[in-house]
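The residues making up each chain are set out below.
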Amino acid sequence: MENRSNNQTTHPPQWLNLKLIVSGLETVQDLIVISLCIGLFCFMVLELREMFFSLLPPLNFQEVTADILFLLVLVELFRLLIIYLQEQRVSIGVAVEVCIVSVLREVIVRGVLETPWIQILSTGGFLLVLGVLLVIRVWLPPTFEGIDPERRIANRKRNLSGSESSADPVGVNSKFNSH
C-alpha cells in the first residue's frame, strides 16, 4: 500500500500534463502583459494630449517639465513590457533606468531648494546604488539566453568527479570487483 502512495506522489497522473498547463499559464501571462501594453499606450496618448494643453498660455514651466518627465517614465515602462514579451524576462537595465528617471522626476518637480536636505541626501544615496547596479549588471552573465549558472556548476562538479574516477582505473575496477 505504501508503494502505491509513493508511486502516485513521484509520478503525476497521465491526465495532468504539466507542460500543457505551464504553456497555458504563460499564454495567459502574455495576454495580461499585452493588455498592460495597450492600456499604457492609451494612457501615454492621453498624457501627451494633456501635455500639449499645458503648453498653451499661460505657460507653467514646472507642469510642462513634470509632464515630459512623466512621459519618459511611461515610455521606459512600455519598453520594459515589450522586452518582457520578446524575451520572456524582465530587463534589469531598463528597470533600473525607470527607477532613476522616476526619482529624478520627483526631485525636479518638487524642486531641490524646497526639499529637506536629509531627503536629498537619501535620494542621492539611492541614485548612487542604482548607478552601481546599472554598472554591475554589465558584468553579470546573461542567464536569459539559456545559460543556467546552477546547471553549469553542477555539470562542472560532475565532470570533475568523473575525471577523478576515470583517472584512477584501479579504483574503478576495485569498485566493480567488490561485489
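Keep in mind that this is a model prediction, so the values were computed, not measured.

**Focus on the confidence of the model for the protein**
Right, on to step 1. Chain-level statistics for the protein give a pLDDT mean of 78 and a share of 73% at 70 or above.
Right, on to step 2. Least confident of the elements in the protein is helix H7 (residues 169-177), whose mean pLDDT is 45; most confident is helix H2 (residues 18-54), at 91.

**As for the packing of helix H4 (residues 92-110) against helix H5 (residues 117-136)**
Right, on to step 1. At their nearest, the axes of H4 and H5 sit 10 Å apart, and the two run at 160 degrees to each other. With respect to H5, the axis of H4 lies roughly antiparallel. Crossing of H4 against H5: the hand is left-handed. When H4 is examined against H5, the residues Gly93, Val96, Glu97, Cys99, Ile100, Val103, Leu104, Val107 and Arg110 are found in contact with a partner set consisting of Gln119, Thr123, Phe126, Leu127, Leu130, Leu133 and Leu134.
Right, on to step 2. Taken together, the residues of the contact of H4 with H5 break down into eleven nonpolar, three polar and two charged.

**Things to note about the packing of H2 against helix H3 (residues 61-87)**
Right, on to step 1. Remark: H2 packs on H3, axes separated minimally by 10 Å, with the N-to-C direction vectors making an angle of 160 degrees. When the axis of H2 is compared with that of H3, the two are roughly antiparallel. By crossing handedness, the relation of H2 to H3 is classed as left-handed.
Right, on to step 2. Split by residue class, the contact of H2 with H3 holds 22 nonpolar, two polar and five charged.

**Some thoughts on the nonpolar core**
Right, on to step 1. Membership of the largest hydrophobic core is limited to nine residues, which are Val33, Cys37, Leu40, Met44, Met51, Leu71, Leu74, Leu81 and Tyr84.
Right, on to step 2. At the level of elements, H2 and H3 are the ones that each hand at least two residues to this core.
Right, on to step 3. Residue contributions to this core peak at five residues, all from H2.
Right, on to step 4. When sequence neighbours within four positions are dropped, the list of residues in contact with Tyr84 reads Gln29, Asp30, Val33, Arg89 and Val90.
Right, on to step 5. With five residues, the next largest nonpolar core counts Val73, Leu80, Ile83 and Val94 among its residues.

**Section: H2**
Right, on to step 1. Over its 37 residues, H2 runs 53 Å from end to end, which matches the ideal 54 Å to within 8%, given 1.5 Å per residue.
Right, on to step 2. For H2, the N-terminal cap is Asn17; the gap from its side-chain oxygen to the backbone nitrogen of Lys19 is 3.3 Å.

**Details of the packing of aromatic side chains**
Right, on to step 1. Considering all chains together, one arrives at two aromatic pairs under this definition.
Right, on to step 2. Between the aromatic rings of Phe41 and Phe78, the centroid separation amounts to 6.1 Å while the plane-to-plane angle is 45 degrees, which identifies the pairing as tilted. On the criterion of sequence distance, the pair formed by Phe41 in helix H2 and Phe78 in helix H3 is long-range, its members being 37 residues apart.
Right, on to step 3. Overall, the relative accessible area of 46% leaves Phe41 in the partly exposed class.
Right, on to step 4. For Phe78, a relative accessible area of 22% translates into the label partly exposed.
Right, on to step 5. Seen in terms of ring centroids, Phe43 and Phe70 are 6.0 Å apart; in terms of plane orientation they differ by 90 degrees. Their pairing is edge-to-face. Of this pair, Phe43 sits in helix H2 while Phe70 sits in helix H3, and the two are 27 residues apart along the sequence.
Right, on to step 6. The exposure class assigned to Phe43 is partly exposed, which follows from its relative accessible area of 38%.
Right, on to step 7. By relative accessible area, which is 24% here, Phe70 ends up partly exposed.

Cut-offs applied
- Residues numbered from 1 in each chain as written.
- Predicted model: local features only at pLDDT ≥ 70, side-chain atom pairs only at ≥ 80, totals over all residues.
- Heavy atoms only, no water.
- pLDDT = per-residue confidence, 0-100.
- Helix = DSSP H or I, 4+ residues; strand = E, 2+ residues; numbered from the N terminus.
- Axes fitted to C-alpha atoms, helices over the stretch in contact; angles between N-to-C directions.
- Parallel < 35°, antiparallel > 145°, perpendicular 65-115°, else oblique.
- Left-handed = near helix turned anticlockwise from the far one by under 90°.
- Contact = heavy atoms within 4.5 Å.
- Nonpolar A, V, L, I, M, F, W, Y, C, P; charged D, E, K, R; others polar.
- Core = buried A, V, L, I, M, F, W, Y, C linked by side-chain atoms within 4.5 Å.
- Buried < 20%, exposed > 50% of the residue type's maximum accessible area, 1.4 Å probe, protein only.
- Expected span 1.5 Å × (residues − 1).
- Polar contact = N/O pair within 3.5 Å; in protein donor to acceptor, adjacent residues only side chain to side chain.
- Phe/Tyr/Trp six-rings, centres within 6.5 Å; stacked < 30°, edge-to-face > 60°.

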